[in-house]
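Below are the chains, spelled out letter by letter.
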Amino acid sequence: MIVTLMKTEAEEALARQFAAVASSLPGTGVAAARRAAAMDRFRETGLPHRRIEEFKYSDVRSALKTAFAPADVQAPIVDANAIEAALGPVASLDADRLVFVDGAFVQSLSSSEIAGVTFRRFATGQPTDDAAFSAIAGANPLLALNEAFASDGAVISVDGARKLAGRLLVILYLHTAREPRRVTTRNLIEVAANARIDLVEVHARIGTAAVQTSTATRLVAGDGAEVAHIKIDREISAATHLSLWDLELGAATVYRGFQLTAGAGFVRNDIVARLPGADAKFDVSGLMLGRGDDHVDTTLVVDHIATGCESRELFKAVLDDRARAVFQGKVIVAPEAQKTDGKQMSQALLLADDVEFYSKPELEIYADDVACGHGATAAELDESMLFYLRSRGIGLAEARSLLIESFALETLEKIENDDIRAVARSVVITWLGADL
Amino acid sequence: MLEIKDLTVRIAEDGKEILKGVTLSVPDGEVHAIMGPNGSGKSTLAYVIAGRDGYEVTGGDILWNGTSILEMEPDERAAAGVFLAFQYPIEIPGVATMTFLRTALNSLKKKRGQAELTTPDFLRLIRAKAAELGVTDEMLKRPLNVGFSGGEKKRMEVLQMTMLDPSLCVLDETDSGLDIDAIRIVADGANRLRGPGRSMLVITHYQRLLDFIVPDKVHVLAHGRIQKTGGKELALELEKSGYAGFAGKAA
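Residues numbered from 1 in each chain as written. Chains lettered and ligands numbered in written order. Predicted model: local features only at pLDDT ≥ 70, side-chain atom pairs only at ≥ 80, totals over all residues. Heavy atoms only, no water.

**Considerations on the domain arrangement of chain A**
All names here are of chain A. Defined as follows: Each domain's limits were defined by an automated method or a database of domain assignments. Here the quantity called buried area is the total loss of accessible area, with a 1.4 Å probe, experienced by two parts when brought into contact, counted for both. Salt bridge, as used here, is a side-chain nitrogen of Lys or Arg placed within 4 Å of a carboxyl oxygen of Asp or Glu. Polar contacts, as counted here, are pairs of nitrogen or oxygen atoms within 3.5 Å of one another; within protein the pair requires one atom able to donate a hydrogen and one able to accept it, and residues that are adjacent in sequence qualify only if both atoms are side-chain atoms. For the purposes of this entry, the term helix denotes a DSSP run of H or I that reaches at least four residues, the term strand denotes a run of E that reaches at least two, and both are numbered from the N terminus. Residues are grouped as follows: Ala, Val, Leu, Ile, Met, Phe, Trp, Tyr, Cys and Pro are nonpolar; Asp, Glu, Lys and Arg are charged; all remaining types, including Gly, are polar.
Assigned domains within chain A: domain 1 (9-277) and domain 2 (382-436). One C-alpha centre belongs to domain 1, the other to domain 2; they are set 30 Å apart. Carbon and sulfur atoms supply 79% of the area that domain 1 and domain 2 bury against each other, a total of about 1200 Å² over both sides. Ranking the residues of domain 1 by area buried against domain 2 places Pro89, Arg256 and Phe258 at the top, with a combined share of 40%. Where domain 1 touches domain 2, the interface holds 1 salt bridge. Linking domain 1 to domain 2 there are 2 residue pairs in polar contact (both at pLDDT 80 or more). Elements that contribute at least two residues to the side of domain 1 that touches domain 2 include exactly strand S8 (196-205), strand S10 (226-234) and strand S12 (254-262). Per element, the largest residue contribution to the side of domain 1 that touches domain 2 is 4 residues, and it comes from S12. Of the residues in the side of domain 1 that touches domain 2, the class split is 10 nonpolar, 2 polar and 3 charged.

Okay, here's the thing in structure tokens:
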């Protein structure tokens, strides 16, 4: 065991908490040893800080000054009506549900049987599947921390025998705590070859206390699978939200990912995608909404390994007050990945003088027959557009919201499912309407 | 009635004086043309009437129906009946043309104390007016002015002017960039709006638009002042002699 001096109060607290709760976390034997090893890896690095290149603009060490106590493994009883209210527009989705409350699965709030989907709790059995997280994701200290503390999550297999159209599964993570708590979940999703699923991951809060969320999802799609994967984060000024998606997509898969972050304090969304099969179509996009002192970071690595794949990324940020957004998008094209077609765009709308937007596109291209491009913009509302609208009788406030909405809602065109898009739209409109 | 009285205007940013004492009146129901060379201040006058930022009025006044509009916001001026057809209509990605038209119309109705239109009534109105101007359903579904040709943009301006029922129409170089067929469509649209309750100020560099929208009076604007006012025949004179004759009259 490597012992490194923990440098901050939060890091020391995490080590103490691990010693205290490790034995009550799910899994014994191999799983417990893996947790201990993960905690050791975390100790080596501690919380990532700005001197680590990938975290230059998002210093997790200073954002996480204290480590809240882990949430109780036994979930509290939650009233179903309270959940619907907390979900807001998301409640209207007609879908199968898996519900996790304060990091523990709640059967009574979840669908008992989901056609074509096999589900088990991460907390039951031996969660040895974790070895599957990719090397890129594995280098992230936040993944090690997640592995050490993960209390539960969804382990899902999507059946490829039948290609069910319109299958929609929502995984809800609800926070109810009245005291500040830390919640750690971990998901493994396997989509069989040629299977199809629309998956929506929702993070919402019922309780009044701040929450430190850590969530890691490993998604593996077999050849020819079609996956829509949407994350909606409406924790609303939770203390921190640390998310990691580790995606591996087979040949000729069609993957459409989307992350909507509607103001959740300090947010770090890591996305790592590997495309080891030929002719995959990969699109991951998102919208980051921030006001007050919100800080929203999306850091993306797309690894093109095989020929003929397409990757598309569109990330936008709407920033008011003193909010900050970060977009880091690295696209790697291996020597074998000829005919790669990659396009990336990041755009920020700056609504106040003190907002900040950091955009860092990176292309690492080792193949010679590829078409890759990227762009970034940051701008205030366009005065000539505002004048044009106002000259037609539209008041200043309404003209502003029309332009802000149109900027933000463009990203939602990436969501193909009409019902999910309508829900996302409603989340965006509600957020925008809160004080514009 | 529009009354512009000894109006002096400079660019806020660099202090450059553009209008140096413009005086003119457009009585109700009349169409007046303002002609002038490039850089004479024609577009500045149009923007100042509509209330665009970036100009500083240093003297004089603009009265619309006896009330000064200089302190009014652009949308308040629109509610009072002012409409500017832009020389270069602005493209607004992400805002569907139909949504924009409906929002604008209902904002104006509200400000004017009129009932908002129901969806079926709105659709009936827009379909009828769009057809007159050759504006297709497909154009109405697109984001406002995005990807429109020059002619489509100007037809959209006139469609807006028709829908929003202004009492003072300012047309800024509506003919620029249009071929003769497009000018005819746009001019027909403007002519349909001529009537006792509506005044028009048609700003143009060339005489040819005035073959289609025949003005009651023509004013020549050069070097920031109205240099000459006359009947429609003044436009024809200018077509022959050009603006060179006004070069020496700079202040």
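**What about the layout of surface pockets?**
Which entries qualify depends on this criterion: Buriedness for pockets is judged along seven lines, at least five of which must meet protein on both sides within 12 Å for an open set on the 1 Å grid over protein atoms alone, while cavities are sets there where a 1.4 Å probe fits but cannot get out, and lining residues have an atom within 4 Å of a point. Grid points are joined across faces, edges and corners, and a volume is the space filled by probe spheres set on the points.
Empty space within the largest pocket amounts to approximately 550 Å³. Lining the largest pocket are 27 residues, and of these Glu383(A), Arg390(A), Gly51(B), Arg52(B) and Asp53(B) sit closest to its centre. When residues of the lining of the largest pocket are traced back to their parent elements, those giving at least two are helix H7 (383-390) and helix H8 (396-409) of chain A together with helix H1 (42-50), strand S4 (55-64) and helix H2 (74-79) of chain B. In terms of residues, the lining of the largest pocket owes the most to one element, H7(A), which gives 5 residues. In the lining of the largest pocket, the residues fall into 14 nonpolar, 2 polar and 11 charged.

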